[in-house]
Number of protein chains: 2
Amino acid sequence: MFNHGGGLHLNIQKEFGLRIQQLRKATGKSQEKFALSIDMDRTYLASIEAGKRNPALQNIKKIADGLEISLSDLFRDL
Amino acid sequence: MFNHGGGLHLNIQKEFGLRIQQLRKATGKSQEKFALSIDMDRTYLASIEAGKRNPALQNIKKIADGLEISLSDLFRDL
DNA sequence: TTGTGACTTGTAGTCCGTG
DNA sequence: GCACGGACTACAAGTCACA
């Protein structure tokens, strides 16, 4: 009866997507501007935020760098 | 002149590999036993530990679960 | 017990659009 | 600005034989 770490029963992709969306919005950037700033395709970023993709470590790192936070902080509360 | 834990110039794959190797060894399990426990191929785990792979979120999560730590803790100091 | 190269299959990731 | 889709290409996933 515990809920391992994070929000509800959303899967890890959805949780991750919501997390980066929240952090991106806090920067005031659009998906397109943010994606551009980290050299990532805009539609790919959108699908990650939607929880539809399973991004690999290098891209996760890229996002963390773009958000200017550590990987550990990126995964906080997940 | 010491490097405080994480940064270095190893790439993220190598850092991640070393990190999970360290944590796995702390559990006292062999690659084979640990891989088995998380339903992952032993040679695939070995190549991740060696920093030769770029694992995706689902597999990263699988490893964190197997180590019984949060993703945030898994990435601590990385 | 672990490392590695080679391989096939599935999907990560890119690029072009649309409402 | 965003969600969504089609059609691709690059590479992760997963497995094996052997060192």
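Per an unreviewed UniProt entry, chain A is named Helix-turn-helix transcriptional regulator, and its organism is Congzhengia minquanensis.

(A) Spatial organisation of the pattern of salt bridges. All names here are of chain B. Counted under the stated rule, the structure contains six salt bridges over all chains. Between Arg-76 and Asp-73 there is a salt bridge, with its nearest N and O atoms 3.1 Å apart. Relative accessible area serves as the criterion here: at 34%, Arg-76 is assigned to the partly exposed category. Its relative accessible area of 30% is what places Asp-73 among the partly exposed residues.

(B) Layout of the protein's contact with DNA strand C. Looking at DNA strand C, there are 19 residues lining it, with Tyr-44 and Arg-53 of chain A together with Gln-31, Arg-42 and Lys-52 of chain B nearest. Within the side chain of Arg-42 of chain A, an N or O atom sits 3.3 Å from a base oxygen of DNA strand C. Contact distances for DNA strand C include 2.8 Å between a phosphate oxygen and a side-chain N or O atom of Lys-52 of chain B. Elements with a minimum of two residues in the surface near DNA strand C: helix 3 (42-49) of chain A together with helix 2 (31-37) and helix 3 (42-49) of chain B. Partitioning the surface near DNA strand C into residue classes produces five nonpolar, six polar and eight charged.

Rules used in this analysis
Residues numbered from 1 in each chain as written. Chains lettered and ligands numbered in written order. Predicted model: local features only at pLDDT ≥ 70, side-chain atom pairs only at ≥ 80, totals over all residues. Heavy atoms only, no water. Salt bridge = Lys/Arg side-chain N within 4 Å of Asp/Glu carboxyl O. Buried < 20%, exposed > 50% of the residue type's maximum accessible area, 1.4 Å probe, protein only. Near = heavy atom within 4 Å. Polar contact = N/O pair within 3.5 Å; in protein donor to acceptor, adjacent residues only side chain to side chain. Helix = DSSP H or I, 4+ residues; strand = E, 2+ residues; numbered from the N terminus. Nonpolar A, V, L, I, M, F, W, Y, C, P; charged D, E, K, R; others polar.

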